[in-house]
Amino acid sequence: MGNTNADQPLIGVSDINVAMVDGRIECTFTRESSRNDGDDTFYNLRDPNKYYIIMSKSSGSLKPDGNIKYHAERIIGSETSFSEFTSGGSAVDKKLILQKAHGCLMMIAWIGLASIGITLARFFKPMWPDTQIFEKPIWFSFHRICMVLTFLCTVSAFIIIFISVEGFLEIGEGRSGLLRFLHAIFGTVVTCLAIINPIMAIFRPHPGEPRRPLFNWAHWAVGTSAHLIAMATICLALGYRSARSLINGLPDYLFWLVIGFIIFHIIVWILLHIKRNNILNRNSDASNDIPLQDKPQDSQDNLVDANKPTSKDTRIMTFLISVYVLVSLAIVVTVVINIALV
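Residues numbered from 1 in each chain as written. Predicted model: local features only at pLDDT ≥ 70, side-chain atom pairs only at ≥ 80, totals over all residues. Heavy atoms only, no water.

1. Here's the deal with the packing of aromatic side chains
Under the convention used in this document: Any two rings among Phe, Tyr and Trp, with Trp reduced to its six-membered ring, count as a pair given centres within 6.5 Å; such a pair is stacked if its planes are under 30 degrees apart, edge-to-face if over 60, and tilted if neither.
Under the counting rule described, the total for this entry stands at 9 aromatic pairs. Here the aromatic cluster, defined as three or more aromatic residues joined through ring pairs, consists of F261, F264 and Y324.

So, in structure tokens, the structure goes:
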């Protein structure tokens, strides 16, 4: 049969205004939240009842006969009931602000900081061997800064969203409820991995010790897993359509922007992998491990970097990481601005 519009008397409704503004129909009205006249057909919007705003859209809202079309795309579905609106509305604003802060922090952490930090550690150990920052190689200093900031942003974002949803989410109804639950599960896994990896780094064995290769593999596996899962979690949050986004009203292109970054990330990594291997193959015995603390000079003789990149190597690698950093930051800024303004 399809949906039909029910004719109901406008009980408790006043100050009705309808106008055409810039090609859009705008309607405003005032509606009583509750009545005490015994009318069971009047929806009481106060506690303990829970009614929610749902808005949707379609291309061309009216049929030729003037009736309203079916609106296939939901663009706003309030997570806050009318009872919270009628009690002042501050809860709505606070929840939305917390959700936005969570999304912005996770974007900064994993599309920006973690992507750059992991790329530096993966491919730039042979670079700039004669230059140090804080008495450590350049790649290590920036890697550590990026990953510490990633840890802080991730933990802060987790605490913020935990406060916003008042605990851990249960599986909700429908596709949207399932997506939110999966997002929460993946986000929790990412947060746990983000906490585990720096703890492992603090207690890492010195280069040359028997357990060092085990640490190297574990550190790589945990960091890479966290990065991959974080990318998937961000894509779940953005949704391939605005109707699927966990923050209502975000434009569709943000999802594809992140997908484009993932493809760009893979391409740059392939180029960096080829160039780095070219540099390392000149001396396969060199090591770029970073000791936990300074040790006697005779124990560090095998750590001297004999891979001296040429000026051409340096120019190419510097160009690639510069482009990578600029694209990462551009995407982060774009998504964060859209989240903040929605």
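2. A closer look at the packing of helix α6 (residues 253-280) against helix α7 (residues 311-341)
Put simply, the test is: What counts as an axis is a line fitted to C-alpha atoms, over the stretch in contact for a helix, and the angles between N-to-C directions run from 0 to 180 degrees. Secondary structure elements are defined from DSSP: runs of H or I of at least 4 residues count as helices, runs of E of at least 2 residues count as strands, and each element is numbered from the N terminus. For classification purposes, an angle smaller than 35 degrees is called roughly parallel, one larger than 145 roughly antiparallel, one from 65 to 115 roughly perpendicular, and anything else oblique. For any helix crossing, the convention is left-handed if the near helix is rotated counterclockwise from the far helix by under a right angle, and right-handed if that rotation is clockwise. Gly is placed with the polar residues, together with every amino acid not listed as nonpolar (Ala, Val, Leu, Ile, Met, Phe, Trp, Tyr, Cys and Pro) or charged (Asp, Glu, Lys and Arg).
For the pair α6 and α7, the least separation of the axes is 11 Å and the interaxial angle reads 165 degrees. Relative to α7, the element α6 lies roughly antiparallel. In the packing of α6 onto α7, the handedness of the crossing is left-handed. Here the contact of α6 with α7 is composed, by residue class, of 18 nonpolar, 5 polar and 2 charged.

3. Observations concerning α6
Three- or four-residue spacings in an α-helix give side chains the same orientation, since the helix completes a turn every 3.6 residues. Note the threshold: One less than the number of residues in a helix, times 1.5 Å, gives the span that helix is expected to have. Residue burial is assigned from relative accessible area. The probe radius is 1.4 Å, only protein chains are included, and a residue is buried under 20% of its type maximum, exposed over 50%, and partly exposed in between.
The terminal C-alpha atoms of α6 lie 40 Å apart, and with 28 residues this matches the ideal 40 Å at 1.5 Å per residue to within 8%. Of the residues making up α6, those classed as buried are L254, F255, V258, F261, F264, H265, V268, L272, K275, R276 and I279.

4. Some thoughts on the side chain of K275
Which entries qualify depends on this criterion: Distance and chemistry together define a polar contact, namely a pair of N or O atoms within 3.5 Å, with one atom able to donate a hydrogen and the other to accept it when in protein, and with adjacent residues in sequence counting only for side-chain atoms on both sides. In what follows, a contact means two residues having at least one pair of non-hydrogen atoms within 4.5 Å.
Looking at the secondary structure, you find K275 in helix α6. By relative accessible area, which is 15% here, K275 ends up buried. Among the polar contacts made by the side chain of K275, one reaches the side chain of D313 at a distance of 2.7 Å. Sequence-distant contacts of K275, that is, excluding residues within four places in its chain, are made with D313, I316 and M317.

5. Re the nonpolar core
When a protein is soluble and globular, its nonpolar side chains tend to lie buried together. Put simply, the rule is: Take the buried Ala, Val, Leu, Ile, Met, Phe, Trp, Tyr and Cys residues and link them wherever side-chain atoms come within 4.5 Å; each set so joined is a nonpolar core.
W110, I111 and F124 are the most contacted members of the largest nonpolar core, which has 50 residues in total. Looking at this core, the elements that each hand over two or more residues are α2 (90-123), α3 (138-165), α4 (174-202), α5 (212-238), α6 and α7. Ranked by residue count, the leading element in this core is α2, at 13 residues. In this structure, F124 is in contact with T119, W139, L272, M317 and I321, ignoring residues within four places of it in sequence.

6. Details of the packing of α5 against α6
It is the contact of α5 with α6, at a shortest axis distance of 8 Å, that shows an interaxial angle of 160 degrees. Considering the angle they form, α5 stands roughly antiparallel to α6. Judged by the twist between their axes, the crossing of α5 over α6 is left-handed. Residues H227, M231, I234, C235 and L238 of α5 form the contact with α6, whose participating residues are L254, F255, V258, I259, F261, I262 and H265. Residue composition of the contact of α5 with α6, grouped by class: 10 nonpolar, 2 polar and no charged.

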